[in-house]
Each structure stands twice: as C-alpha cells, then as structure tokens.
Amino acid sequence: MDQTAKLIVDGKTYELPLLVGSEGEKAIDITALRRMTGLITYDPGYANTGSCKSRITFMDGERGILRYRGYPVEELAEHSTFVETAYLLINGELPTRKELTRFSVMLNDHSLVHEDMREFFESFPRRAHPMGILSSMVNALRTFYPELPEESGEDGTNVMFTRLLSKVRTMAAMSHKISRGHKVVYPRPDLLYAANFLNMLFDSPVRPYEIDPDLVEALNVFWILHADHEQNSSTAAVRLVGSSRVNLFAAISAGICALWGPLHGGANQAVIEMLTDIQKSGGNPGPFVARAKNKEDSFRLMGFGHRVYKTYDPRARIIKRICDKVLAKLKLEDPLLDIAMKLEEIALKDSYFIDHHLYPNVDFYSGIVLRAMGIPLDMFTVMFAIGRLPGWISQWKESISDPEGKLHRPRQVYMGEHERHYVPLEERR
Ligand code: ACO
C-alpha cells in the first residue's frame with residue numbers, strides 16, 4: 001500500500017507521508033507542509049486534526065468503540081474500580097495487587113487539604129459555581145507545593161499525581177459543604193475513594209451518612225466512564241496549556257475551565273435543566289425537538305450529538321443501565337427519566353437526528369443517576385471533572401514526555417484589514 005498522499009498545488013505535486021495508527025487509522029503527516037509548499041491547513045475546531053500520537057485511549061466514533069489502554073470501557077465498567085482505572089490510564093498497565101494497595105494507601109495519605117486553603121473556600125461568594133471554585137483551588141494548590149517534583153519515583157509512584165487525585169475529591173466535597181454553610185467533613189482512612197467522597201459530601205453531625213455499596217458501585221462506574229476520552233476539548237486544553245511547560249496544576253485548572261462549558265461537561269447540568277423545562281411546560285418533548293431542528297433558533301437538544309460519535313455513545317448505554325439500577329435500588333421514580341426516554345424515542349425516529357447522526361451522549365442519562373444519588377445540580381460537572389482527572393493527568397504526562405512534543409501554537413488565516421495608517425483623533429469621522 002502506498003504510504004504517501006499526493007497534493008497538487010498550482011500544477012506541482014507534493015508527496016506527504018501517511019501515518020498509520022495501531023488500529024489502522026490513517027493520517028496525512030503535514031509537518032513539512034508549510035516548509036514544502038508555503039501553505040497551511042484550515043480546520044476550524046480542529047475536527048480533522050490529529051494533534052498528537054497517543055497510546056492512551058482508542059475511540060471509533062462510527063462503531064461506538066471506546067477503550068482505555070486497549071481495554072474496552074464496558075469491561076472496565078463491569079470489573080474495575082475508578083482507582084484501578086486511574087492507575088491503568090496513568091501507568092499504562094493494570095496494577096498488581098501490591099501496586100494497587102500502595103496507590104490506595106498514597107491516595108489516603110494525601111487526602112487532606114492544607115488548613116490554610118479553607119480560608120480561600122470561605123472567601124468565595126456563597127452562590128459561586130463549584131466549577132469556578134474548583135478550577136481556582138486546583139491552580140492555588142500548586143502554591144502550597146512549589147517544590148513538589150513532577151517526575152515519578154523509582155517505584156513508578158508519583159506524589160504529585162496522587163496528591164491531585166486525592167485532594168480534588170476532598171476539595172470538591174468541601175466546596176459543596178461550604179457553599180451550604182455546613183461543617184466540612186474530613187476524609188476517613190477506613191473508606192475507599194468513592195465511598196470516602198460520598199461520606200464527605202453527605203455526612204452530617206445530625207444525620208450520619210450510611211454508605212450504600214450499590215451507590216458506591218454506581219459512582220465508580222460513572223467515574224470510569226468519564227475517565228478519558230482522547231483529545232476532547234478539556235484534554236486538548238490541558239495539553240495546550242501544558243505545552244508551554246507550565247506546572248501540571250495550572251494545566252489541569254485550564255482543563256476544568258474548558259469542561260465547565262455546556263457544549264462539553266456542563267451538558268450534564270444542562271440536560272437536567274432542559275428536562276425540567278420540558279416538565280414545566282407540560283411534559284411533551286415534541287416542541288423542544290422542533291426547536292432543536294429550527295436553524296433560526298440556537299437551542300440544541302442537550303445530551304445529544306458528539307464530535308466523534310456518529311452512533312450511540314457506548315458510555316450512554318452503560319449509564320442508562322446504571323440509572324435503571326440506582327432508581328430501582330432506591331425505589332425512586334423520577335419523572336425526568338420518563339421525559340428523557342420519551343425525548344430519546346422521538347429524536348431517534350426523527351429524520352433530522354438520523355441524518356445528522358445525533359444520538360444520546362454520556363451526559364443524557366448521567367444527570368438522572370447523579371440526581372438519584374442526591375448530588376446537587378451545580379455539582380454535576382464537578383463530578384465529571386473528578387472522573388476526567390486521571391485522563392487529564394495521563395495525557396499531560398504523555399505530552400510532556402513526547403520527543404515530538406512542541407509548544408501548541410496553531411496558525412490562522414487572516415481575513416482583516418490591509419495595512420493602513422494611524423489617523424489622529426481630531427481627524428477621525
Ligand atoms: N441538537 C440539535 N442539532 C444539533 C445538535 C443537538 N444537540 N448537535 C449538533 N447538531 C447539528 C448542528 O446544528 C449542525 O447542523 P447543520 O449541519 O444542519 O448546521 C450539525 O448537527 C453538526 O453540528 P456541529 O455543532 O457542527 O457539530 P460538532 O461536532 O461541533 O458538535 C457537540 C458536537 C458540540 C457536542 C454538539 O452535538 C452539541 O452542541 N450537543 C449538545 C451539547 C452536548 O450534549 N454536549 C456534550 C457532548 S459529550 C461531552 O462533552 C461529554
């Protein structure tokens with residue numbers, strides 16, 4: 001097979017090498033394009049741009065495949081825990097029992113947040129969005145550990161990664177408690193990662209929290225499904241900011257900001273808001289589907305569509321199963337679930353959605369699971385951020401050690417004014 005692509009410009013032919021990925025995906029390597037031809041490529045939103053080589057996550061948007069380090073996400077959701085999956089993403093292999101124990105012990109050892117940081121939390125306005133708080137606090141965290149080495153120890157453990165993974169969870173729970181004016185609950189050494197989080201979020205001096213293993217399992221699955229998704233917007237932000245060689249905390253803080261937007265991680269909150277609007281308007285999703293199809297209207301069906309998936313998001317299938325299980329376990333009936341299912345049914349039969357390949361994404365049902373667990377709406381995207389953290393860390397780690405890695409600095413096609421000369425203020429009309 002020919003391993004080059006030919007490009008003809010002004011009658012001159014240029015040969016560009018083809019790069020073939022381990023799953024047979026092909027890319028035209030345009031590294032030398034500008035040097036050879038004087039041309040750049042135009043690709044708004046980078047929809048056709050491979051910005052790096054990566055060994056972490058494989059996804060096939062046409063076939064609905066998602067694998068972390070080669071393992072199908074369905075298998076990890078069924079058999080693994082979030083902590084084990086985090087280890088896999090960051091280190092490339094599933095841990096041995098000894099490695100997993102060591103990792104868990106480190107997560108426990110680093111779970112406390114510097115007491116001085118509490119003053120920062122207390123200073124945010126009560127109504128501050130927890131994503132704004134989390135991104136600021138993660139950035140601030142580095143100032144408490146300026147000497148922390150970024151590289152891993154000889155045994156493969158990395159104190160900085162572990163600190164971040166553990167403290168982000170603590171800080172997320174703290175921001176919730178403080179925003180409600182409640183007493184902060186400290187992490188407990190006898191609890192594992194997900195159970196510890198639920199306890200920090202919900203335990204109270206007047207009503208001790210009872211840990212439900214089914215909810216712990218659901219949370220593990222939720223976080224596993226969110227753990228990485230190759231070069232999505234927030235991960236691309238982490239890589240881009242990290243490419244300037246700023247510290248990991250600043251790069252992750254940028255990722256949290258990117259995730260906050262409703263077109264990305266903020267969609268899980270936006271879905272519930274949309275379903276609530278449908279409920280308030282009488283429960284018929286029809287008019288909302290019509291609005292989403294109307295090009296004069298900027299409204300979109302939240303939780304539908306994906307840049308890469310042109311079929312059902314494999315994570316959405318799993319989260320729907322978890323959703324049914326959690327509601328059954330808690331003996332809850334959520335009217336928003338009925339509306340969501342009705343909406344899905346209408347959209348999946350509608351030619352607009354079929355023609356545009358718009359299917360439910362992971363955010364469509366995840367909000368209903370989080371609601372059932374008692375997670376407040378403004379914490380939904382924070383839940384996503386905790387889950388995506390291992391992905392951001394592993395992608396950052398890979399990018400800074402990539403021998404071909406460079407400062408990310410795209411070009412542009414300038415469409416503005418030609419050169420013109422300064423006009424003094426009194427001569428302007
Ligand atoms: N509702 C209605 N129409 C949609 C939707 C939607 N949810 N999503 C895409 N479209 C339409 C667009 O209007 C456009 O139509 P046109 O070609 O007729 O003009 C076409 O589909 C392509 O849309 P783009 O915005 O170009 O596709 P892109 O790949 O940039 O969008 C995105 C992906 C941002 C996720 C989009 O589908 C969307 O806005 N979805 C709703 C928000 C959402 O659920 N985000 C979560 C994504 S998953 C995640 O981040 C975890």
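Provided above is the structure to which this section pertains.
Residues numbered from 1 in each chain as written. Predicted model: local features only at pLDDT ≥ 70, side-chain atom pairs only at ≥ 80, totals over all residues. Heavy atoms only, no water.

Before going further, it helps to examine the pairing of strand β5 (residues 65–68). Across four bridges, strand β4 (residues 57–60) lies against β5 in antiparallel orientation. Paired with M59 across the two strands is L66, which belongs to β5. Here β4 folds back onto β5, and the loop between the two strands holds four residues, one of which, G64, carries a positive phi near 65°. The sheet contact formed by β5 and strand β6 (residues 71–72) spans two bridges and is antiparallel. Paired with Y68 across the two strands is Y71, which belongs to β6. Here β5 hands over to β6 after two residues, with R69 in that stretch at a positive phi of 50°. (Pairing = 2+ DSSP bridges. Helix = DSSP H or I, 4+ residues; strand = E, 2+ residues; numbered from the N terminus.)

This brings us to the environment of H264. With respect to the helices, strands and loops of the structure, H264 is situated in the loop between α11 (248–260) and α12 (267–280). On the basis of relative accessible area, H264 is assigned to the buried category, the value being 15%. Excluding residues within four positions of it along the chain, H264 makes contact with N232, S233, S234, A258, L259, D363 and R388. At 3.4 Å, the side chain of H264 forms a polar contact with the side chain of N232. (Buried < 20%, exposed > 50% of the residue type's maximum accessible area, 1.4 Å probe, protein only. Contact = heavy atoms within 4.5 Å. Polar contact = N/O pair within 3.5 Å; in protein donor to acceptor, adjacent residues only side chain to side chain.)

Attention now moves to the site of the ligand. Around the ligand, 20 residues are found, and the nearest of them are R300, L301, G303, R307 and H356. Between the ligand and the protein, one listed contact pairs a nitrogen atom with a backbone N or O atom of L263 at 3.0 Å. In isolation the ligand offers 920 Å² of accessible surface; the protein chains occlude 75% of this area. A per-class count over the shell around the ligand returns ten nonpolar, six polar and four charged. (Near = heavy atom within 4 Å. Areas by Shrake-Rupley, 256 points an atom, 1.4 Å probe, with all protein chains shown as cover. Nonpolar A, V, L, I, M, F, W, Y, C, P; charged D, E, K, R; others polar.)

Most of helix α8 (residues 193–202) is tucked away: nine of the ten residues are buried. Contacts made by the buried residues of α8 are with α3 (82–91), α4 (97–109), α7 (159–179), α9 (213–226) and α18 (380–400).

A few words on the pairing of strand β2 (residues 12–20). Where strand β1 (residues 4–9) meets β2, six bridges bridge the pair, whose relative direction is antiparallel. Each residue of the ladder has a partner; that of L7, found in β2, is Y14. The loop that links β1 with its antiparallel partner β2 comprises two residues; one of these, D10, has a positive phi angle of about 50°. Connecting the antiparallel pair β2 and strand β3 (residues 26–28) is a turn made up of five residues, with G24 showing a positive phi of about 85°.

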